[in-house]
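Architecture at a glance
As a plain string of letters, each chain reads:
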Amino acid sequence: MEPVFILVPGMFTDAHVWEGTARRLTAAGAQVRAVTLAGPGRPRAGDGPEPDAGAHAEAEAEADLETHIEEVCAAIDAVTGAPGGTGGTGIVLVGHDYGVHPVLGAADRRAERVARIVCVDAGLPQDGVPPLAAVPDQSVRALPAEEAAAGTTAGVLPPPGREEWTRWGSTAGVSEEALDRLTARAAPQPLGTLLRPLRLSGAVAAVPTTGVLCTANGVGIDMVQRLVDLGDPALRALTGPGVTFFELPTGHWPMLSCPEDLAGVLLRAAAGEGHRLTPPGASGTPAHLHPFPLPVPELPRERRGNVDFYFPRPGGTKGVKGAEGVDGPRPAVVFVHGGPVPAGAEPSPRDWPVLAGHARYAAGQGAVGVTVEHRLHDVADYPRAAGDVAAAVDLVRADPRVDGDRIALWFFSGGGPLLADWLAKPPAWLRCLAAAYPVLAPLPNWGMSADSRFHPVRALADAGHAPPPLVLLRVGLESPEIAATVSGFLAAAGEREAEVRVVDVPHGHHGGGPGDPEEEWRGAVREAVRAVLDRLDA
C-alpha cells in the first residue's frame, strides 16, 4: 500500500509551506494532503496547494488546539472513511513545529488508521501539557500564568517580522526569496492553540513514530541519546522499537531549505527506516558516567545544601603555590555542571564521576575543590540556575577554610551560558573563569532573544573592563552548532585582547566517550587544571 502523507504545518504557516515537499512526494508515487489549520488570515480549503478535503474550519481567533485536532481527524476521515469505517491504514501524519500537537491528538483518536507519526524538528508532546511549553521563543513562554491556567482562547499571537524568525528556530538554508514568502504568508496564531493542554488517552503510544532532527537548529541524534542516558522518564519512550530518527543538516524549516531531502526522509520513515536510540546503559556506560581520566585522592566529601566540598589533606601538596605544609585558608575551584538535566536524575550531577573527579583532583593539588548542583532543568531555567550558582559561591567564600579572595569558576557544557554574568561584572576575588566543551551562546532552538543575559560571546564583547583570565578546554570533534559558539567567543576574546588559555583534545567528543583517546583527555585535563591553579596563584 502506498503511503498517504497528511502534512500539518507549524505556527503562523499554512499548507503552502509544504509545497516543494508535497510535489516531490507526489512524484514518488505517494498521495499527499496538506492541511491549513484554522486561524485568522489563513486560506480556506481550496485556496492553497494540496489543501485538505474540506476539514478546514472557518478562520477565527477563537480556534484552539481542539479545533486543530478535529481538523486533522477530518483529514484522516477524508482518506479512510468515517470513524469506525474500514479504510486503509497507510496514513503517515507529519507535524512540523506546533503542528505535532494536533497530529498527536488526532493520532490518539484514530490510532488504528495511522501507520506512523513523523515529528519534523519538534519534540514529542506529553499528555496534559499545553503547546506553550514547547514554544522556543521564551518571551512568548512567559505569557501570564493566569491566562494559561484559565485556558484563555481569546486573542492572537502576531506573526514574526522578517528578521524575527530566528527566535522561533534557525533559518539556516532558507533562501532570501523563501524567507520573503514565509513572512508574506505568515498569519497570527490563536492563543487558544497554545494554552489548551493536549489530552491523550494513551492509544497513540502504539503508533510508530519518527523524529526528524534539524541539526542546524541545535539538536542531533547524539544529543538526544545523551538526554535519554540522563534517565529522564519522559524520554524513555524514545527508545521503543517503533521509534526512529533521522538528521537533516539544516535549520528549522527543512520544507523550505531542502524539500527534496525532507521528502526522501519522509519516504524512508514511512518504510520504517531510521536510527534507533538505546535505553540508558544498554550500549555501555553513558558519557556523563565515564570514569574521570586521572587518578584522584580519596578525600571525604562535605555536603552542605547543593554544595559539596573536597578539602586538601592537611599539609597541602605541591600544586598550589605556598600550599606545602600550610593548613590555612586555600583558594577554591568551583565546578558547575552543564544541562539541562532532568529534575530527579539519578545519579545527580554532583555525583557524576567527571564533576566529583575534577573537584577531588583540584583538592589533590592543594586547592579546595567544590561542586555545585543547580536547577537547570530546561533552557528557560538559566536565571534560576544562575541564582543557585551565585548563592553557592557566596557559601564557599564564607567558609573560613577558603581564601575568599582567590576563587575560580569552572563551567561544563550547557552550563557555559552561566559564564555571562561573571564576564559582565567580574568581582575582584574572581581570579579565573574556566569552561570545558562549553556552549558559549544560546543555540538556535532555545528561542532566546538577541539581548539575552545568558550570552557569553556578547557579554565578553560588551564588557567595559578587562575580563578575568580564561581557560578553555576544547574538543576537536564538537558538534558544529556548539563549535560555532566557541569560535565566536574566541573571536570576541581576540578583539578584547583577553587572556585565554586554550587546551585542546583534538580527537575528543563533547563530554568524552568510550572511543576517545584516553591519553589526550588525561593530558588536557591535567593542563587545564594546572592553568587554573596558576591563575589562582597569580
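Residues numbered from 1 in each chain as written. Predicted model: local features only at pLDDT ≥ 70, side-chain atom pairs only at ≥ 80, totals over all residues. Heavy atoms only, no water.

Quick notes on the overall build of the protein
- In terms of regular secondary structure, the protein is built from 16 helices and 16 strands.
- The proportion of buried residues among the 538 residues of the protein is 54%.
- Pairs at least 24 residues apart make up 76% of the contacts formed inside the protein by residues separated by at least 6 positions.
- Taken as a whole, the protein presents about 20800 Å² of accessible surface, with 53% of it coming from carbon and sulfur. (Helix = DSSP H or I, 4+ residues; strand = E, 2+ residues; numbered from the N terminus. Buried < 20%, exposed > 50% of the residue type's maximum accessible area, 1.4 Å probe, protein only. Contact = heavy atoms within 4.5 Å. Areas by Shrake-Rupley, 256 points an atom, 1.4 Å probe, with all protein chains shown as cover.)

Considerations on the sheet that holds strand 11 (residues 330–336)
- Spatial ordering of the open sheet is given by 9-10-12-11-13-14-15-16, a layout of 8 strands whose pairing is mixed. At either margin of the open sheet sits one strand with a lone partner, and together these are strand 9 (302–304) and strand 16 (500–505). On average, adjacent strands in this sheet sit at an angle of 20° to one another, irrespective of strand direction.
- One ladder, built from 4 bridges, connects strand 14 (residues 430–436) with strand 15 (residues 470–475); its direction is parallel. Across the sheet, the residue bridging to alanine 436 is leucine 473, located in strand 15.
- Packed on one face of the sheet, helix 11 (residues 353–364) meets strand 10 (307–310), strand 11, strand 12 (368–372) and strand 13 (402–412) and runs near 160° to strand 12.
- Of the strands in this sheet, strand 11, strand 13, strand 14, strand 15 and strand 16 are in contact with helix 16 (residues 518–537), which crosses strand 16 at around 165°. (Pairing = 2+ DSSP bridges. Axes fitted to C-alpha atoms, helices over the stretch in contact; angles between N-to-C directions.)

Some details on the packing of aromatic side chains
- If you walk through the whole model with that rule in mind, you get 13 aromatic pairs.
- When the ring of phenylalanine 309 is compared with that of phenylalanine 311, the centres are 5.5 Å apart and the planes differ by 0°; the resulting orientation is stacked.
- The class for phenylalanine 311 is buried, based on a relative accessible area of 16%.
- Among the aromatic side chains, those forming a connected cluster through ring pairs are Phe335, Trp410, Phe412, Tyr437 and Trp521. (Phe/Tyr/Trp six-rings, centres within 6.5 Å; stacked < 30°, edge-to-face > 60°.)

Some thoughts on helix 6 (residues 176–185)
- For helix 6, every residue scored as buried is listed here: Ala178, Leu179 and Leu182. Angular distribution of buried residues about the axis of helix 6 spans 100°; they occupy a single face of the element. With respect to the buried face of helix 6, the exposed residues turned more than 90 degrees away are Glu176, Glu177 and Ala184. (Arc of directions from axis to C-beta.)

A few points about the side chain of asparagine 217
- Following the sequence through the fold, asparagine 217 ends up in the loop between strand 7 (209–214) and helix 8 (221–229).
- In terms of polar contacts, asparagine 217 uses its side chain to reach the side chain of aspartate 121, at 2.9 Å.
- Setting aside residues no more than four positions away along its own chain, asparagine 217 makes contact with Asp121, Gly169, Ser170, Thr250, Gly251, His252, Pro444 and Asn445. (Polar contact = N/O pair within 3.5 Å; in protein donor to acceptor, adjacent residues only side chain to side chain.)

Describing the packing of helix 1 (residues 19–27) against helix 10 (residues 259–270)
- Relative orientation of the contacting elements helix 1 and helix 10 amounts to 50°, with a least axis distance of 8 Å. By the angle between their directions, the pair helix 1 and helix 10 is classed as oblique. The element helix 1 and its partner helix 10 pack so that their crossing is right-handed. The residues of helix 10 that touch helix 1, namely those facing Gly20, Thr21, Arg24 and Leu25, are Pro259, Glu260, Leu262, Ala263, Leu266 and Leu267.
- Residues of the contact of helix 1 with helix 10, tallied by class, amount to 6 nonpolar, 2 polar and 2 charged. (Parallel < 35°, antiparallel > 145°, perpendicular 65-115°, else oblique. Left-handed = near helix turned anticlockwise from the far one by under 90°. Nonpolar A, V, L, I, M, F, W, Y, C, P; charged D, E, K, R; others polar.)

A word on the environment of proline 293
- Checked against the element boundaries, proline 293 lands in the loop between helix 10 and strand 9.
- Judged by its relative accessible area of 25%, proline 293 is partly exposed.
- A C-alpha to C-alpha distance of 9.2 Å links proline 293 and glycine 523, two positions 230 residues apart in sequence.

A few points about helix 10
- A rise of 1.5 Å per residue sets the reference length of helix 10, with its 12 residues, at 16 Å; its end C-alpha atoms lie 16 Å apart and thus fit the reference within 8%.
- All of the buried residues in helix 10 are Pro259, Leu262, Ala263, Val265, Leu266 and Ala269. In an axial view of helix 10, the angular spread of the buried residues amounts to 165°, which keeps them on one side of the axis.
- Where helix 10 terminates, the next one or two residues include glycine 272, which has phi positive at roughly 85°. (Expected span 1.5 Å × (residues − 1).)

Focus: the sheet that holds strand 1 (residues 4–8)
- Spatially, 6 strands are ordered 2-1-3-4-7-8 in an open sheet, and the strand pairing comes out parallel. Edge positions in the sheet fall to strand 2 (31–34) and strand 8 (243–248), since each has one partner strand and no second. Direction aside, neighbouring strands of the sheet carry axes that sit 20° apart on average.
- Alignment of strand 3 (residues 91–96) against strand 4 (residues 114–120), held across 6 bridges, turns out to be parallel. Residue glycine 95 lies in a different strand from strand 4, and its bridge partner there is cysteine 119.

Remarks on the pairing of strand 11
- Of all 7 residues in strand 11, 7 are buried; the element is thus mostly enclosed.
- Where strand 11 meets strand 13, 6 bridges bridge the pair, whose relative direction is parallel. The residue of strand 13 that forms the bridge with valine 333 is alanine 408.
- Across 5 bridges, the pairing between strand 11 and strand 12 is parallel. Paired with valine 333 across the bridge in strand 12 is glycine 369.

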